[in-house]
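Listed below, chain by chain, are the residues.
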Amino acid sequence: MAKYYNGVEIEDTFAEAFKMWGTRVIITAINRKWALEAATKMTGFATSVIGCKCEAGIECEVDDTPDGRPGVSVLFFTPSKDDLPKRIMERVGQTVMTCPTTACFNGLDAPDKMKIGGQLRYFGDGYQMSKYIQGRRYWRIPVMEGEFLIEEKIGMQRSVGGGNFLILGENIEVTLEASERAVEAMKKVRGVVMPFPGGIVRSGSKTRSQYKFLIASTNDAFCPTLRGIVKSELPEGVNSVLEIVIDGLDVAAVEESTRVGVMAACIPGIRRISAGNYGGTLGQFQVHLQKVLGEEVLT
Amino acid sequence: MISLRLKEVLAVPLETEAITPDNFQDKSLAEIANLPVVYGNQVAKLGDFFEIKPNQSDEVRVEGDLSRVKYIGSKMKQGTLVVEGDAGMHLGAQMRGGKIIVQGNVGDWAGAEMRGGIIHIWGNAGHALGCAYRGSPRGMNKGVILCEGNAGNEAGATMRRGLIAIRGNTGDFTGAFLIAGTILVFGKLGARPGAGLKRGTIVAFQPPTLLPTFQYDCVYKPAFLRLIMQYLRGLGWPIEDEYFNGYYRRYSGDLTALGKGEILVYDQH
């Protein structure tokens, strides 16, 4: 049964999320600008595992870093445990080690660990040095600018990918504004990232296509321009839909992020909040919109 | 936990590895009093020399002039041991965990061949702090030694891993034959620091006289040093911001050995 928050219909549906492996990396630098520069590069082109092999985003800026310098926390997710070290190695090696003044630390205290600094150290060609501090090993790799400091091992854990909700609005302006408000609110939740540009997706997909070479294609049921020719899911008056995809280190973080995001998105001009799922047949987690918002706030 | 008070000034050294929180755990006062000690060349009991009482804290506290009591906290693995005064030789030798706080001075070989834990000395340390015993290939391997005063000769010599921070001056051969690990000396370094250094780091905050077998590299801000200083600050060891944010002159050496070690000298300019 449909319920309402702030005059916006909250559909009685759920987001279907999947098991992933996730990690948190802390990047520090001489100042905030260079920490953000490295973090932005590291998390670039990491919107969907379909085309990017991993999903990633900046979680937050960090003041309390291991070396006391300005830092940025980034989260990474891959579908398999084996993929995660490969993706982190590629990205730390090409985007963090190359960035002036940066250092790279483990940000996730988890029993499963992947060797990142312990592999990248070979770039030092035998001149690398290690330091063992407080039970953790760090590698000092000599580089032209000075030294690149990186922790030997970075934690990883079972995580959740593909949390989502759809914002159905009267026009693009109001739908984009609602989406931006949602993302801003969701950025305050720790343990999650929204990996798409600005945290927002306009080209949501379904997991089939009429073309054999494609595993995913446009989500025609939510495309306003196809309302007249497909079995549309759009109510009358909806002319634009944006999706927010959420990856999190655990289900609780994804649920909390969904809750604050949906509430922030419920502004005048938004007709409905929905979510993407496959009928519960594919994903291991279900994030029910009405349940996470709580009966007490819905009418 | 337990408080021990030395009954009388000792005429000859008293050797005991019994004084550790591990040894006292789950023992009655009578059992603790029966733990063995060696006084001169005589085997005796701990209770012969110490008044033993329970205390309200989680710590083992030892009081009196303990400058002739050897091996206090030796091989300890956990808990906190507080020495209210001076301690004799081999304090915390081969310890593996826990924390020892000494409110006075300590004798030679403090923290020798330790494998973990923290020793915080509020006074001076004798020779061979965190060192290897003669004939042994490696000294301290993991753990932290904080010395608020001066340290004698061979501080951290043949150290394999770990961290030693000395607020005052050191004697000769600081970090000699260092295999790895880090030694910070905020006072003046004695002669021939890092002689035979293989790997590892000696940080000098006052201009030292270096052996000619150390080669100048550059002036820079080592990121790992901030990590160590941050850790030391967390242990209650104040470090001035100028050291934290400053430049350091790097010298590679000892070129008569492997040459993969370094002496970092705080650059005041």
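Since this is a predicted model, take the numbers as computed values, not measurements. (Residues numbered from 1 in each chain as written. Chains lettered and ligands numbered in written order. Predicted model: local features only at pLDDT ≥ 70, side-chain atom pairs only at ≥ 80, totals over all residues. Heavy atoms only, no water.)

Asker: Help me understand the overall build of chain B in this model?
Answerer: Across its full length, chain B carries five helices and 17 strands. For a compact globule of 269 residues, the expected C-alpha radius of gyration is about 18 Å, and chain B comes in at 19 Å, within 12% of that figure. Among the 269 residues that make up chain B, the fraction classed as buried is 57%. Considering only contacts in chain B between residues 6 or more positions apart, those separated by 24 or more positions represent 42%. When the accessible surface of chain B is summed, it comes to about 10900 Å², and 47% of that surface belongs to carbon and sulfur atoms. Of note, chain B has its 29 positive side-chain charges centred 8 Å away from the centre of its 26 negative side-chain charges. (Helix = DSSP H or I, 4+ residues; strand = E, 2+ residues; numbered from the N terminus. Rg over C-alpha atoms; globule rule 2.2 N^0.38 Å. Buried < 20%, exposed > 50% of the residue type's maximum accessible area, 1.4 Å probe, protein only. Contact = heavy atoms within 4.5 Å. Areas by Shrake-Rupley, 256 points an atom, 1.4 Å probe, with all protein chains shown as cover. Lys, Arg positive; Asp, Glu negative; His and termini not counted. Charge placed at Lys NZ, Arg CZ, Asp CG, Glu CD.)

Asker: What should I look at first to understand the overall build of chain A in this one?
Answerer: Counting its secondary structure elements, chain A contains seven helices and 17 strands. Here chain A has a C-alpha radius of gyration of 21 Å; the compact-globule value for 299 residues is 19 Å, and the two agree. By its C-alpha atoms, chain A is 65 × 45 × 30 Å across when sized along the principal axes. Counting all 299 residues of chain A, 54% fall into the buried class. When the accessible surface of chain A is summed, it comes to about 13900 Å², and 51% of that surface belongs to carbon and sulfur atoms. Positive and negative side-chain charges in chain A, numbering 35 and 36 respectively, have mean positions lying 5 Å apart.

Asker: Explanation requested: the side chain of Thr20(B) in the structure shown.
Answerer: All names here are of chain B. Structurally, Thr20 is set in the loop between strand S2 (14-15) and helix H1 (21-24). On the basis of relative accessibility, which here comes to 2%, the residue Thr20 falls in the buried class. A polar contact is formed between the side chain of Thr20 and the backbone nitrogen of Asn23, at a distance of 3.1 Å. Excluding residues that lie within four positions of it along the chain, Thr20 makes contacts with Gly73, Ser74 and Met76. (Polar contact = N/O pair within 3.5 Å; in protein donor to acceptor, adjacent residues only side chain to side chain.)

Asker: Please explain the packing of helix H1 (residues 32-42) of chain A against helix H3 (residues 83-96) of chain A as it appears in this structure.
Answerer: The angle between the axes and the distance between the axes are what describe a pair of packed helices. Residue and element names in this part refer to chain A. Relative to each other, H1 and H3 sit at 140°, their axes nearing to 9 Å. By the angle between their axes, H1 is oblique relative to H3. In this structure, H1 crosses over H3, and the sense of that crossing is right-handed. Judged by residue contacts, Ala38, Lys41 and Met42 of H1 engage Ile88, Arg91, Val92, Thr95 and Val96 from H3. Per-class residue counts for the contact of H1 with H3 are five nonpolar, one polar and two charged. (Axes fitted to C-alpha atoms, helices over the stretch in contact; angles between N-to-C directions. Parallel < 35°, antiparallel > 145°, perpendicular 65-115°, else oblique. Left-handed = near helix turned anticlockwise from the far one by under 90°. Nonpolar A, V, L, I, M, F, W, Y, C, P; charged D, E, K, R; others polar.)

Asker: Explain the packing of aromatic side chains to me, please; I cannot follow it from the model alone.
Answerer: Here a ring pair, both rings aromatic, is described through the centre-centre distance and the interplanar angle of the planes. Using the criterion set out here, one finds 13 aromatic pairs over all chains in the structure. Ring geometry for Tyr211(A) and Phe213(A): centres 5.6 Å apart, planes at 25°, overall stacked. Its relative accessible area of 68% is what places Phe213(A) among the exposed residues. Here Phe186(B) and Tyr243(B) contribute two aromatic rings whose centre-to-centre distance is 5.9 Å and whose plane-to-plane angle is 55°, an arrangement assigned as tilted. Residue Phe186(B) is located in the loop between strand S13 (182-185) and strand S14 (201-204), and its partner Tyr243(B) is located in helix H5 (residues 241-245); the two are separated by 57 residues in the primary sequence. The exposure classification of Phe186(B) matches that of Tyr243(B), with both residues buried. Aromatic rings pair up to connect Phe186(B), Phe205(B), Trp237(B), Tyr243(B), Tyr248(B) and Tyr266(B) into one cluster. Here Arg167(B) stacks its cationic end above the ring of Trp237(B), 3.9 Å away from the centre of that ring. (Phe/Tyr/Trp six-rings, centres within 6.5 Å; stacked < 30°, edge-to-face > 60°. Lys NZ or Arg CZ within 6 Å of the ring centre and 35° of its normal.)

Asker: Is there a simple way to explain the interface of chain A and chain B in this structure?
Answerer: Frequently, the measure chosen for interface size is the accessible area removed from exposure when the parts meet. Taken together, the contact pairs 17 residues of chain A with 18 residues of chain B. When the two sides are added together, the surface that chain A and chain B hide from each other amounts to roughly 1600 Å², 61% of it contributed by carbon and sulfur. A per-residue breakdown of the area chain A buries against chain B is headed by Lys131(A), Tyr132(A) and Ile133(A), which together make up 31% of the total. We note a salt bridge from Arg140(A) to Glu262(B), for which the minimum N-O separation is 2.5 Å. Taken together, chain A and chain B are joined by nine residue pairs in polar contact (both at pLDDT 80 or more). Secondary-structure elements contributing two or more residues to the side of chain A that touches chain B are strand S8 (129-133), strand S9 (136-143) and strand S10 (146-151) of chain A. For the side of chain A that touches chain B, a count of residues per class yields seven nonpolar, four polar and six charged. (Buried area = accessible area lost by both parts, 1.4 Å probe. Salt bridge = Lys/Arg side-chain N within 4 Å of Asp/Glu carboxyl O.)

Asker: What exactly am I supposed to notice about helix H6 (residues 251-265) of chain A here?
Answerer: Residue and element names in this part refer to chain A. Taking 1.5 Å of rise per residue, 15 residues should cover 21 Å, and H6 covers 21 Å from first to last C-alpha, within 8% of that figure. Within H6, the full set of buried residues consists of Ala253, Val254, Ser257, Thr258, Val260, Gly261, Val262 and Ala265. One side-chain oxygen at the N-terminal end of H6 lies 3.3 Å from the backbone nitrogen of Ala252; it belongs to Asp250. (Expected span 1.5 Å × (residues − 1).)

Asker: For this particular structure, what's the right way to read the nonpolar core?
Answerer: Nonpolar side chains tend toward joint burial in soluble globular proteins. All names here are of chain B. Among the nonpolar cores identified, the biggest contains 55 residues, and Leu4, Leu46, Phe50, Leu91 and Leu129 are the most heavily contacted of them. Here this core gets three residues from one element, more than from any other, and that element is strand S1 (residues 2-6). Sequence-distant contacts of Leu91, defined by excluding residues within four places in its chain, comprise Ile72, Val83, Ile100, Val102, Val106, Trp109, Ala110, Gly111 and Ile119. (Core = buried A, V, L, I, M, F, W, Y, C linked by side-chain atoms within 4.5 Å.)

Asker: Explain the pattern of salt bridges to me, please; I cannot follow it from the model alone.
Answerer: Between side chains of opposite charge, a pair can form when the charged atoms approach closely. Residue and element names in this part refer to chain A. Summed over the entire model, instances satisfying the criterion amount to 28 salt bridges over all chains. A salt bridge links Glu147 to Arg140, with the nearest nitrogen and oxygen atoms 2.8 Å apart. Residue class for Glu147 comes out buried when judged on its relative accessible area of 14%. Assessed through its relative accessible area of 1%, Arg140 is described here as buried.

Asker: Before we go on, may I ask you to explain the confidence of the model for chain B in this structure?
Answerer: A low pLDDT means the predicted coordinates there should not be read in detail. For chain B, the mean per-residue pLDDT works out to 95, and 100% of the residues sit at or above 70. Interface confidence in the predicted complex, given as ipTM, is 0.91; pTM for the same model is 0.92. (pLDDT = per-residue confidence, 0-100.)

Asker: Whenever I open this one, the sheet that holds S2(B) confuses me. Can you help?
Answerer: In sheet architecture, strand pairing relies on hydrogen bonds along the backbone and comes in two forms, parallel and antiparallel. Sheet architecture is open: four strands sit in the order S4-S3-S2-S7 (chain B), paired in mixed fashion. Both outer strands of the open sheet, strand S4 (42-45) and strand S7 (69-70) of chain B, are each paired with one neighbouring strand and no more. (Pairing = 2+ DSSP bridges.)

Asker: Whenever I open this one, the environment of Val241(A) confuses me. Can you help?
Answerer: Residue and element names in this part refer to chain A. Mapped onto the fold, Val241 is located in strand S15 (residues 240-248). C-alpha of Val241 to C-alpha of Val72: the two residues are 169 residues apart in sequence and 31 Å apart in space. Not counting residues within four places of it along the chain, the set of residues in contact with Val241 comprises Leu166, Ile167, Leu168, Thr175, Arg202, Phe222 and Leu234.

Asker: Could you clarify how one ought to interpret the environment of Phe165(A) in this entry?
Answerer: Positionally, Phe165(A) belongs in strand S11 (residues 153-169). Spatially, the C-alpha atoms of Phe165(A) and Ser274(A) are 5.7 Å apart, while their sequence positions differ by 109 residues.

Asker: What am I meant to see in helix H4 (residues 223-234) of chain B here?
Answerer: Given 3.6 residues to a turn, an α-helix orients residues that are three or four positions apart in the same direction. All names here are of chain B. Between the first and last C-alpha of H4 there are 17 Å, a value that for twelve residues agrees with the 16 Å anticipated at 1.5 Å per step. A large share of H4 lies buried, amounting to nine of its twelve residues. For H4, the complete set of buried residues consists of Ala223, Phe224, Leu225, Arg226, Leu227, Ile228, Met229, Tyr231 and Leu232. After H4 finishes, the residue Gly236 shows a positive phi value of roughly 85°.

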